[in-house]
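Inside the fold
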Amino acid sequence: TSICSRTVEPLEYYRRFLKENCRPDGRELGEFRTTTVNIGKCLCSITTADGSALVKLGNTTVICGVKAELAAPAVDSANKGYIVPNVELPSLCAERFRSGPPGEEAQAASQFIADVIENSQMIVKEDLCIANGKLAWVLYCDIICLDYDGNLLDASVFALLAALKNVQLPLVTINEETGLSEVNLKQKNPLIIRKHPVATSFAIFDDTLLIVDPTAEEEDLATGTVTIVTDEEGRLCSVHKPGGSPLTGAKLQDCITRAITRHKEVKKLIDKVIKSVTPK
Amino acid sequence: GCAGVLERSREQLLRQTCEAVVLGVLHPRTAISLVLQVLSDAGSLLSCCLNAACMALLDAGLPLATLFCGVTCALQPDGTILLDPTARQEQEARAVLTFAIASSERKVLMATTKGSCSVEEMQQCLAAAQRAASTIFQFYRDSVRRRYSKC
């Protein structure tokens, strides 16, 4: 066998591993990297946020902070609050990102997260309304990547879900006489999360092979990506295939089946972490 | 809100779909610029953009690995599938799925969904879109034939 360099011929190097149904980091094609999540003020250490979570998918590290503020609802949707997600890819997370206005990847990721929230109805905007036409909650969800090693979307959706589950909103009432809002910080209620969407991403290699949870190197060599978002009922919240190699319906179905399996693992992990953080 | 983020997201979808199809190796050190200007939006905008992009690439004479077309499916509240929905039908639908279907073997080049649906419903929409793609590809053929028969 000839020597094949990882830096000189990365694609050929990868193909040698894929032929044996494994990857250079030792994983199988359908295997995820180690997933860890830290929630709350003690472990996640964002003391200024109302809810926070830190997710690590292998080396990819994403932190999500949720801040709740008060605002007047829009005129055409007087009984709805707002959820404003924002994904940031600062220059510290990878060489490819320069400082300045958000690049295309960050903007596309922000739109993806906004779509996931809307499609899954994980938070119903009507639940964020305090007084019809007068006062509603605005949830600013800031998702920041601290270390980019591929699979940003899965980590971001997971971080968002974990952070939102951690949010405690104070009780707000409107004083009838003065018309001003009164915030009771002593009485806090958790946010109502109706659905738990989980994203599973795949990279397409050489038009035919599907590998799960790609690293940054694998994403660069891939000929396409697919991200499937499912909820606990097995419903599809998003099928996101932004171009890339064409796939048959059967291969797409294969991705969906694996995404449903992954959902169960992630749900178990998040339930375990929430339980360990909740005071008894 | 996120002004401009939606356009960037759509640009990414269109760009990566075209990149998968255009045989770029035959044109090294060349930039292919695709500009889409929306004149009016009455629903199914993304699939209209996809169709316009493919026909423009055809008209430019660029070498393509496969043709592609855009099909939008709306899943109505009662479960029926509606292809090529109007803006009103999209708003009332439970889910709106847009696919870019390649002409070779009707494979899926691009997929994006709005709203939620079951896996079976998605597969039914995909099958309907793949069937409808044949009509669109016939339209491409007729348009190109008409264009070159005049010269």
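These numbers were taken from a predicted model, which means no experiment stands behind them. Here the residue numbers are simple positions, counted from 1 along each chain's written sequence. Both sets of labels track the order of writing: A upward for chains, 1 upward for ligands. Whole-chain, interface and lining totals are the exception, using all residues; otherwise, since this is a predicted model, local features are given only for residues with pLDDT of at least 70 and side-chain atom pairs are given and counted only at 80 or more. Calculation of side-chain values draws on the structure's entire complement of heavy atoms; hydrogens and water are dropped beforehand.

1. Some points on the sheet that holds strand β10 (residues 209-212) of chain A
All names here are of chain A. The criterion for strand pairing is that DSSP finds at least two bridges linking the strands in question. Helix numbers and strand numbers start at the N terminus; a helix is a DSSP run of H or I with at least 4 residues, a strand a run of E with at least 2. With antiparallel pairing, the 4 strands of this open sheet are ordered in space as β10-β9-β11-β12. Strands with a single pairing partner mark the edges of an open sheet, and in this sheet they are β10 and β12 (236-240). Put simply, the sheet's adjacent strands are angled 20 degrees from each other on average, direction ignored. In this structure, strand β9 (residues 198-205) lies alongside strand β11 (residues 224-230), joined through 7 bridges in antiparallel fashion. Each bridged residue has a counterpart across the sheet, and for T200 the counterpart in β11 is I228. Axis lines are fitted through C-alpha atoms, for helices just across the contact stretch, and the angle between N-to-C directions can take any value from 0 to 180 degrees.

2. Here we look at the UniProt feature "domain: Exoribonuclease phosphorolytic" (unreviewed entry) in chain B
The feature "domain: Exoribonuclease phosphorolytic" (unreviewed entry), as given by UniProt, occupies residues 8-63 and 67-131 of chain B in the numbering adopted here. Annotation note: span residues 8-63 of chain B, helix share 54%, strand share 0%, distance between end C-alpha atoms 26 Å. UniProt positions are given in the numbering used here, feature names are shortened, and annotations may be inferred rather than shown by experiment.

3. What to know about the pattern of salt bridges
Residue and element names in this part refer to chain A. A pairing counts as a salt bridge when a side-chain nitrogen of Lys or Arg comes within 4 Å of a carboxyl oxygen of Asp or Glu. Counted by the stated rule, this structure contains 21 salt bridges over all chains. The salt bridge partner of R33 is D149, with a shortest N-O separation of 3.6 Å. Here R33 is found in the loop between α1 (10-19) and β1 (35-39), whereas its partner D149 is found in the loop between β6 (135-147) and α4 (152-166), with 116 residues between them in sequence. Across the pair D254 and R258 runs a salt bridge, and its minimum N-O distance is 3.6 Å. Note that D254 and R258 are positioned in helix α6 (residues 249-277) at a spacing of 4 residues, about one turn of the helix. On the basis of relative accessible area, R258 is assigned to the partly exposed category, the value being 26%. Counted as one network, the salt bridges with shared partners bring together R23, D25, R27, R33, D149, D213 and E218. Relative accessibility thresholds used throughout: buried, under 20% of the residue-type maximum; exposed, over 50%; partly exposed, between the two (1.4 Å probe, protein chains only).

4. Comments concerning the sheet that holds strand β4 (residues 108-115) of chain B
To summarise the sheet geometry, strands pair through backbone hydrogen bonds and adopt either a parallel or an antiparallel arrangement. Residue and element names in this part refer to chain B. Read across the sheet, 4 strands follow the order β2-β1-β3-β4 without closing on themselves; strand pairing throughout is antiparallel. Whereas interior strands pair on both sides, the edge strands pair on one side only; in this sheet they are β2 (81-83) and β4. Taking the axes of each pair of neighbouring strands and ignoring which way they run, one obtains an average angle of 20 degrees across the sheet. Note on contacts: a residue pair is in contact if any heavy atoms of the two residues lie within 4.5 Å. Packed onto the sheet, helix α1 (residues 5-21) meets β1 (68-75), β3 (95-102) and β4 and runs at close to 165 degrees relative to β4. Contacting β1, β2, β3 and β4, helix α4 (residues 119-150) crosses the sheet at an angle of about 140 degrees to β1.

5. Details of the interface of chain B and chain A
One widely used convention gives an interface's size as the accessible area the parts lose upon coming together. Taken together, the contact between chain B and chain A spans 31 residues of the former and 28 residues of the latter. Each partner contributes to the roughly 2,700 Å² buried at the junction of chain B and chain A, and carbon and sulfur atoms together form 54% of this total. For the pair chain B and chain A, the number of links is 1 salt bridge. The salt bridge partner of E104 of chain A is R15 of chain B, with a shortest N-O separation of 2.7 Å. Sorting the residues of the side of chain B that touches chain A by element identifies α1, β4 and α4 of chain B as the ones contributing at least two each. It is α1 of chain B that contributes the most residues to the side of chain B that touches chain A, 11 residues altogether. Looking at the side of chain B that touches chain A residue by residue, the classes come out as 13 nonpolar, 11 polar and 7 charged. Note on definitions: buried area is the accessible-area loss of two parts on being combined, 1.4 Å probe, summed for both. Gly is put with the polar residues, along with every residue not named as nonpolar or charged; the nonpolar set is Ala, Val, Leu, Ile, Met, Phe, Trp, Tyr, Cys and Pro, and the charged set is Asp, Glu, Lys and Arg.

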